[in-house]
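Breakdown of the fold
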Amino acid sequence: GEWAAKAANPHCIVLRTAWVFAPIGRNFLRTMLALSADRPELRVVADQWGSPTAAPDLADAITAILVRIRDQGWRDDFAGTYHATGGGFTNWHGFAEAIFAEAARHGAPRRKVHPISTADYPTKAKRPADARLDNGKLARVFGLALPPWEAGLARVMAALREG
């Protein structure tokens with residue numbers, strides 16, 4: 001898809017992201033919360049690393065890029081591929097722990113999360129052990145950095161509580 005978009009339009013910006021979570025839709029955060037309704041203990045992979053990305057933070061970054069192009073006009077150096085993920089990184093187990101800690105701050109029962117290896121949780125999809133992306137180009141060209149993933153988590157959990 002990236003190659004087709006770039007081939008079709010030289011004024012193309014591709015944003016790569018990862019581990020996106022939101023108060024709606026299917027995503028890791030909502031899966032963990034749903035599983036915890038029935039299970040006091042969960043097993044979560046602890047040897048795959050990445051940067052959780054709150055969908056609202058990603059939407060804000062996209063909006064900021066579009067506003068800059070609208071206000072300043074297109075520049076050829078805008079074209080290209082950028083990484084846009086939440087600041088910092090963790091593993092799936094750490095993300096799950098943070099989800100339950102944030103939920104517990106608002107009255108939900110605390111859940112025990114056991115770390116396991118990828119080999120202990122086989123799936124059809126092969127996932128990279130290190131999915132961290134370098135957001136440096138986004139910062140250099142557009143002056144943008146998404147907030148730390150923990151801030152995005154607090155924002156999304158607040159949206160879930162508000163309904």
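For the structure, check the block above.
Presented here is an overview of the structure given in this document. (Residues numbered from 1 in each chain as written. Predicted model: local features only at pLDDT ≥ 70, side-chain atom pairs only at ≥ 80, totals over all residues. Heavy atoms only, no water.)

1. A closer look at the environment of Q48
With respect to the helices, strands and loops of the structure, Q48 is situated in the loop between β3 (41-45) and β4 (49-50). Exposure remark for Q48: the relative accessible area of 7% places this residue in the buried category. Each C-alpha atom of the pair Q48 and V14 lies 24 Å from the other, and the pair is 34 residues apart in sequence. Setting aside its immediate chain neighbours within four residues, Q48 contacts W19, T90, N91, W92, T118, R127, P128 and A129. Among the polar contacts made by the side chain of Q48, one reaches the side chain of W92 at a distance of 3.1 Å. (Helix = DSSP H or I, 4+ residues; strand = E, 2+ residues; numbered from the N terminus. Buried < 20%, exposed > 50% of the residue type's maximum accessible area, 1.4 Å probe, protein only. Contact = heavy atoms within 4.5 Å. Polar contact = N/O pair within 3.5 Å; in protein donor to acceptor, adjacent residues only side chain to side chain.)

2. A word on the pairing of strand β6 (residues 80-83)
By the alternation rule, side chains of β6 split into G80 and Y82 and T81 and H83, which are all buried. Both strand β1 (residues 13-16) and β6 contribute to a ladder of four bridges, which runs parallel. Across the sheet, R16 pairs through a bridge with H83, a residue of β6. (Pairing = 2+ DSSP bridges.)

3. Side note on the environment of A34
Tracing the backbone shows A34 in helix α2 (residues 28-36). Owing to a relative accessible area of 49%, A34 belongs among the partly exposed residues under this scheme.

4. A look at α2
Buried within α2 are the following residues: F28, L29, M32 and S36. Projection of α2 onto a plane perpendicular to its axis shows the buried side chains occupying an angular sector of 105 degrees, all on one side. The opening residue of α2, the one whose side-chain oxygen lies 3.2 Å from the backbone nitrogen of L29, is N27. (Arc of directions from axis to C-beta.)

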